[in-house]
Amino acid sequence: MSLLNVQNLKVSFHTRNGEVKAVDDISFTVETGKITAIIGESGSGKSVACYSLLGLIPMPPGKIEGGSAVFEGNDLLQLSESELRHIRGRDIAMIFQDPMTCLNPYMTIGHQLMEPIVYHKGMAKTEARQHAIELLEEVGIRDPHSTIDSYPHEFSGGMRQRVMIAMALINEPKLLIADEPTTALDVTIQAQILKLMADLQKKHSIGIIFISHDLAVVADIADQIIVMKKGKVVEHGDRQRIFKNAQHPYTRALLAAIPAGTKVVSETQSEALISIRNLNTWFGQGKNKEPVKAIKDVSLDIRKGEILGLVGESGSGKSTLGRSILRLVPITSGSISFDGIDLTEMEGQSLKKMRSRMQMIFQDPYASLNPRMSVYDTLAEPLLLHKIETKKTVEQGVLKLMDDVGLARGFVRKYPHEFSGGQRQRIAIGRALATRPEFIVADEPVSALDVTIQAQILDLMLDLGKEYGLTMLFVSHDLAVVKHIADRIVVLYKGEIVEQGSGKELFENPQQEYTRQLLQSIPGRALLG
Amino acid sequence: MTSIENTGNDNPVPNNKISDIAMAEQGTSLWKDAWARLKKNRMALFGLAVLVLFSLIALLTPWIAPYGYEQQNLDLGATPPSAQHWLGTDIFGRDLMTLIMYGGRISLAVGFVATAVALLIGVTYGALAGYVGGRTDAAMMRLVDILYALPFMIFIILLMVVFGRNLLLLFLAIGMVEWLTMARIMRSQVQALRQQEFVEAAVSLGLGPVAIIRKHLVPNALGPIIVYTTLTIPGVMLLEAFLSFLGLGIQPPQTSWGLLISYGAETMEEFPWLLIFPGLALALTLFSLNFLGDGLRDALDVRSSKD
């Protein structure tokens, strides 16, 4: 018998604009000791489907319209709130995307782990502490005897997610719902967390529902895959079949969106547009303080017309390097020249003039657009500032930019919050292109986006790069993405360049241990080739 | 990697010529949008209408007031509302409606001008301190702390002694005190906002600090500022009444709402209308300000729009 048997589940939200069918008649089962992956883009209803089982959606406006969800003989949808509370956290546990927001920053990890043990199991404090330490050890926290007394902010993102997993495991749940548990993490950390989840699932023989927007992530661990779109299940089947023989066009589209293949690079080498020599960028220099050395003695050439991929994990200094080139953070020493012009000492008007020649695209399109400015204002600002258009012609300039980045002209009066993430990123790209720059730093421009949208934005950037004759520094933690888009790849580790070369060289013959690690972390290599 | 057509909500809608034209007809300023949204808020419109009406009356008072404000009738004394004196008369037999109209001139002027002074200084100062940061910020905010610590009354009395009693000085003195809190609010807002990527984006576009503060920081900090402003105006009006009561502000026969209310309060038991009518005028103004403030805050927050 299945651990969880969901039949004909229907959930809708009653909003001012009428009824929205978030989950429209879906059925699936979860087996003990198996991982079931639910895949779909934002708004496909994948999270709502799982949250509604536990009564975790706001009602109203949400309403469960029908169906059943039998878990150990009980229909979860028929249980009262107090009966559900007993099941939540004890028999069914959850892991969320952002571990920082789920942990209380003012309590030690140990305290937060021990609380439910003492509460639910009635253990004594010393016993509970021992149990908590064992759990931390099991999820791979180093030296749990001392780290148990640390606060959440003292852990890295990956370690925090391990703590969350430990918390989820406290009451030995039978079913674990993981909602995008690795989306906020670096690729290398993601690989570790995925492996941990697979190991724990085998050891404890629990059922796992793994919610994700990315098919590649679950390629190595899922037993069964359910693909959702617009509230409906469009395809389901075991992993092998989905990856080798997908039937539904949407599933195929998802598979095609996984970045694969290496960009073919022409052999001709142009001269350098940007030359960086012995660059150091340090933060927090004080009299008695050791500065944080974000960039250590980096020398690098970026050639005209190339897309240079810059790869590294969080904290490797890759964003700082991009911002140093654009003079957005103060550099400590070294030199940066742009087309033969020394940027290092530049100030005032001459710097303003240079700024029009180099632009930036940011990671989070929700934060990089001024919420009080419409698309028109956002795009008109750089056009007017650098006198590319006059007041009379600016409207045409704005519309032309919108055409270029694939935004409908009818959206010109809308504000950022009215757009999806992908559309926002298009606006941000339009803004960066407005000054007709020669050089663009793209700082993780697709890592906040769904996989399908990622593919569209990457293609757009490639096209526009050609059209505008751009040189680009593409910063990312994801080698698969970089390999797809970049002509040359530089690997940054702890503020230093450890390896560089073409995508082909790097992938076929990585020289450094760290590069090898990065390569092995790309999810779904085995199945996707 | 292939791009996918028709997946998700990222599909650009095909270009539409009609919407081009529609767009050309509409303006694109934040304020125009805000006005369109404000128009839908009935309470805010009511508040605006009352304030406009009161301001108009205040402007036209010398021509439309039924009596002169110095016109006494000691034989008459305090009388309740009647056909000749709609709102009654005070103990000197002066027409209360006339007094309220003249008093409104002073009260509204003090309220708006002093608040405008406070707003201008406070927002600029706070935004600058918050944006520049570092030692400049520390020095600027310490100055604010020092001014906070200065006893307000001594400051006013000093001003009055040195420069003599003068309405303009009163505006200035009150404005000088009220901007301090405004500066603090603005600074904390700007400090939070300048960490955002859109500010970094503006820097990388080549915008100067003034343009960044004006176009990117101030509009995003408007919510709390407007709310605080609508709280400041009534505060300032009451402060003026307090100063006048101490003999530092407006002196009879000139009058203001605050002064009328404080006299009315003394004779509340015998002549209640002397308290009720000026009180009503002040209360109505304050309500209107609050409604308008709330409406403005919502109207200026583009995220709250539901259309």
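Everything in this summary refers to the structure shown in the same document. This one's a predicted model, so the numbers in the text were calculated from it and none came from an experiment. Every chain is numbered independently, its residues counted from 1 as its sequence is written. As they are written, the chains are lettered A onward and the ligands numbered 1 onward, keeping that order. With the structure being a predicted model, the display of local features is reserved for residues of pLDDT at least 70 and the display and counting of side-chain atom pairs for 80 or more, all residues being used for whole-chain, interface and lining totals. Side-chain calculation: all heavy atoms of the structure are included, whereas hydrogens and water are not.

**As for the overall build of chain A**
We apply this condition: To qualify as a helix, a DSSP run of H or I must reach at least 4 residues; to qualify as a strand, a run of E must reach at least 2; elements of each kind are numbered from the N terminus. Only C-alpha atoms enter the radius of gyration, while the globule expectation follows 2.2 Å times N to the 0.38, with N the number of residues. Per-residue and other accessible areas follow the Shrake-Rupley method at a 1.4 Å probe size, with only the shown protein chains counted as cover for residues. When charges are tallied, Lys and Arg are placed among the positive residues and Asp and Glu among the negative ones, while His and the ends of the chain are skipped. Each charge is placed at NZ for Lys, CZ for Arg, CG for Asp and CD for Glu.
In terms of helices and strands, chain A carries 21 helices and 20 strands. In terms of overall size, chain A behaves like a compact globule, its C-alpha atoms giving a radius of gyration of 25 Å where 529 residues would be expected to give roughly 24 Å. Here the C-alpha coordinates of chain A stretch approximately 70 × 55 × 45 Å along the principal axes. Surface exposure of chain A reaches about 22,000 Å², of which carbon and sulfur atoms provide 49%. Where the 60 positive side-chain charges of chain A centre and where its 63 negative ones centre are 4 Å apart.

**With respect to the overall build of chain B**
For clarity, the cut-off: Only protein chains enter the accessibility calculation, which uses a 1.4 Å probe. A residue is then buried if its area is under 20% of the maximum for its type, exposed if over 50%, and partly exposed in between. Contacts are residue-level and defined by heavy atoms, with any inter-residue pair within 4.5 Å sufficient.
Along chain B, the regular secondary structure elements total 11 helices and zero strands. Taken from N to C terminus, the helices and strands of chain B fall in the order α-α-α-α-α-α-α-α-α-α-α. Here chain B holds 307 residues, and 47% of them are scored as buried. Partitioning the intrachain contacts of chain B with sequence separation of at least 6 by distance along the chain shows that 72% fall at a separation of at least 24. Accessible surface, chain B as shown: approximately 15,500 Å² in total, 67% of it carbon and sulfur.

**Some words on the packing of aromatic side chains**
Residue and element names in this part refer to chain A. As a reminder, the rule being used: Pairs were defined over the aromatic rings of Phe, Tyr and Trp, the Trp ring being its six-membered one, requiring ring centres within 6.5 Å. Orientation was assigned from the angle between planes: stacked under 30 degrees, edge-to-face over 60, tilted for the rest.
Enumeration according to the criterion identifies eight aromatic pairs over all chains in this entry. Ring centres of tyrosine 51 and phenylalanine 96 lie 6.3 Å apart, and the angle between their planes is 80°; on these two criteria the pair is classed as edge-to-face. Highlighted residues: tyrosine 51 in helix α1 (residues 46-53) and phenylalanine 96 in the loop between β6 (92-95) and α3 (99-102), separated in sequence by 45 residues. Tyrosine 51 sits in the buried class, given a relative accessible area of 17%.

**Quick look at the sheet that holds strand β2 (residues 18-30) of chain A**
Residues and elements named next belong to chain A. How we decide: Any two strands are treated as partners once DSSP identifies two or more bridges connecting them.
Here we have four strands laid out as an open sheet, ordered β2-β1-β4-β5, and antiparallel in their pairing. Whereas interior strands pair on both sides, the edge strands pair on one side only; in this sheet they are β2 and β5 (74-75). Pairing of strand β1 (residues 4-15) with strand β4 (residues 62-71), which is carried by eight bridges, proceeds in the antiparallel orientation. Along β4, the bridge assignment pairs leucine 4 with phenylalanine 71.

**With respect to unusual backbone geometry**
Residues and elements named next belong to chain A. One non-glycine residue, glutamate 180, lies in the positive phi region at around 45°. The phi dihedral of serine 205 falls on the positive side, at around 50°, and the residue is not glycine. By the element assignment, serine 205 lies in the loop between α8 (187-204) and β8 (207-212). Exposure remark for serine 205: the relative accessible area of 37% places this residue in the partly exposed category.

Remember, this is a structural readout, not a statement about activity or role.
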